[in-house]
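Residues per chain, in single letters:
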Amino acid sequence: PNSAVYRWPVDEGSGQTLTDAIQSEDISLNFSTWVTGAEFVGEAAINLDGSSDEGTTASALPEIGLNQDFSIEAWTEPDTKGTADVGALCYQHPADSNRVSIGYDQGGNGDICGALFDGNNFVAAASTPLPRNNGLKQVVYTYYSGTQTGEIYVDTAQGTGTRLPNFTGQSDDAFYIGDNPGNASQFDGTVDLVQLHGEVLSQSQIDSLFQDHPST
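Per chain, residues are indexed from 1 in the order of the written sequence. The predicted nature of this model means local features are confined to residues of pLDDT at least 70 and side-chain atom pairs, given and counted, to a pLDDT of 80 or more, with totals for whole chains, interfaces and linings taken over all residues. Excluding hydrogens and water, the side-chain values take into account all heavy atoms of the structure.

## Some details on the overall build of the protein chain
Put simply, DSSP H or I for four residues or longer makes a helix, DSSP E for two residues or longer makes a strand, and each gets a number counted from the N terminus. A tally of helices and strands in the protein chain yields one helix and 16 strands. For the exposure calls, accessible area comes from a 1.4 Å probe over protein chains only, and a residue counts as buried if that area is under 20% of its type's maximum, exposed if over 50%, partly exposed in between. Put simply, the protein chain has 216 residues, and 52% of those count as buried. Look at the contacts in the protein chain between residues 6 or more apart in sequence, and 66% of them connect residues 24 or more apart. With an accessible surface of roughly 8400 Å², the protein chain has 42% of that area assigned to carbon and sulfur atoms. Neither His nor the chain termini are counted; the positive set is Lys and Arg, and the negative set is Asp and Glu. A charge is said to be at NZ when it belongs to Lys, at CZ for Arg, at CG for Asp and at CD for Glu. Averaging the coordinates of the 6 positive side-chain charges in the protein chain and doing the same for the 30 negative ones gives two points 9 Å apart. The contact definition used throughout considers only heavy atoms, calling two residues in contact when any of these lie within 4.5 Å. Note on areas: Shrake-Rupley, 1.4 Å probe, and residue coverage restricted to the protein chains presented here.

## Topic: the environment of Ala 58
Tracing the backbone through its elements, the reader meets Ala 58 in the loop between strand S6 (54-56) and strand S7 (70-78). Residue class for Ala 58 comes out exposed when judged on its relative accessible area of 73%. On a C-alpha basis, the gap between Ala 58 and Ser 208 in space is 30 Å, while along the polypeptide they are 150 residues apart. Ignoring sequence-local partners within four residues, the contact set of Ala 58 consists of Glu 25, Asp 26 and Asp 173.

## Section: the nonpolar core
Taken as a class, soluble globular proteins show a tendency for nonpolar side chains to be buried jointly. By size, the foremost hydrophobic cluster in this structure holds 39 residues, and its most contacted members are Leu 18, Ile 46, Phe 70 and Tyr 141. Not counting residues within four places of it along the chain, the set of residues in contact with Leu 18 comprises Trp 8, Val 10, Glu 12, Asp 26, Ile 27, Leu 29, Trp 34, Ile 46 and Ile 177. We call a set of buried residues a nonpolar core when its members are Ala, Val, Leu, Ile, Met, Phe, Trp, Tyr or Cys and they connect through side-chain atoms within 4.5 Å of each other. Of all hydrophobic cores here, the second largest spans seven residues; its members include Phe 40, Ala 45, Trp 75 and Leu 136.

## Quick notes on the pattern of salt bridges
By convention in these notes, a salt bridge is any Lys or Arg side-chain nitrogen within 4 Å of a carboxyl oxygen on Asp or Glu. Under the counting rule described, the total for this entry stands at two salt bridges. Salt-bridge contacts for Arg 163 lead to Asp 111; the nearest nitrogen and oxygen are separated by 3.4 Å. Pair noted here: Arg 163 is in the loop between strand S14 (157-158) and strand S15 (172-177) and Asp 111 is in strand S10 (residues 111-117), with a separation of 52 residues, a long-range link. Among the salt bridges present, the one from Asp 155 reaches Lys 137, with a minimum N-O distance of 3.7 Å. Residue Asp 155 is located in the loop between strand S13 (149-154) and S14, and its partner Lys 137 is located in strand S12 (residues 137-144); the two are separated by 18 residues in the primary sequence. Of the residues examined, Asp 155 reaches a relative accessible area of 21% and is grouped as partly exposed. On the basis of relative accessible area, Lys 137 is assigned to the buried category, the value being 16%.

## A short note on the packing of aromatic side chains
Two rings from Phe, Tyr or Trp (for Trp, the six-membered ring) form a pair when their centres are within 6.5 Å of each other. A pair whose planes differ by under 30 degrees is stacked, one over 60 is edge-to-face, and the rest are tilted. A full pass over the atoms with the stated rule returns seven aromatic pairs. Ring centres of Tyr 6 and Trp 8 lie 5.8 Å apart, and the angle between their planes is 5°; this geometry places the pair in the stacked category. A residue is classified by how much of its surface remains accessible, and Tyr 6, at 3% relative accessible area, is buried. Ring geometry for Tyr 104 versus Phe 187: centroids 6.2 Å apart, planes at 10°, classification stacked. Note that Tyr 104 is positioned in strand S9 (residues 99-104) and Phe 187 in the loop between S15 and strand S16 (188-197), a separation of 83 residues in sequence. For the pair Tyr 104 and Phe 187, one class covers both residues: buried. Among the aromatic side chains, those forming a connected cluster through ring pairs are Tyr 6, Trp 8 and Phe 175. To sit over a ring, a charge needs its Lys NZ or Arg CZ within 6 Å of the ring centre and within 35 degrees of the ring normal. Between the NZ or CZ atom of Arg 132 and the centre of the ring of Tyr 104, over which it lies, the distance is 3.7 Å.

## Focus on the sheet that holds strand S8 (residues 87-93)
Strands sit in the order S2-S3-S6-S15-S8-S9-S10-S11 across an open sheet of eight strands; the sheet is antiparallel. A single partner strand is all that each edge strand has here, and the edge strands are strand S2 (17-18) and strand S11 (122-129). Here the rule is simple: two strands pair whenever DSSP picks up at least two bridges between them. Pairing of S9 with S10 involves six bridges; the strand directions are antiparallel. Bridging across to S10, Ser 101 finds its partner in Ala 115.

Right, dumping it as structure tokens:
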């Protein structure tokens with residue numbers, strides 16, 4: 001069964017709100033472009049321009065933190081922004097500095113990265129290549145609090161790198177997609193289904209989620 005505690009299908013096709021299908025933590029959008037296609041959940045997705053587009057919840061998600069297991073899944077096709085450009089796919093930085101970052105690194109390697117910041121250091125870093133303009137891809141970042149370790153997957157394949165997202169932002173009690181607060185780290189590309197799971201997803205669970213998506 002799907003263990004998601006928040007699920008944004010991104011299937012509205014119009015408007016400025018992504019409805020949470022499980023709780024009531026909707027995402028408010030500041031953006032202008034919906035795209036359609038049979039490969040998307042509900043045949044709709046959002047395209048973020050890498051400049052000013054973003055989505056935010058009204059409050060931080062308490063399931064994300066150093067002392068609790070979680071996984072974040074997002075389906076995305078990054079656009080033409082250069083590989084050296086930063087881009088925050090998912091981000092949360094509440095006032096306690098317990099920050100999670102998932103996005104491109106700034107090293108020009110084209111890696112999608114995930115990590116947490118404990119107020120002093122980054123922990124649980126994981127990375128793997130994510131080509132741009134190469135079709136819709138499943139990105140999953142998992143965090144195990146017992147050992148403060150993270151893993152990242154693209155289309156069910158586990159990454160082996162440890163590069164950092166390497167972008168920071170101001171604290172803000174909200175969960176962001178496509179940006180981080182106050183630091184101009186906008187993500188350039190299409191975003192479909194986003195889910196937060198309150199556990200470390202296993203390989204078989206990630207495989208199952210992959211098969212359940214209409215693009216596969």
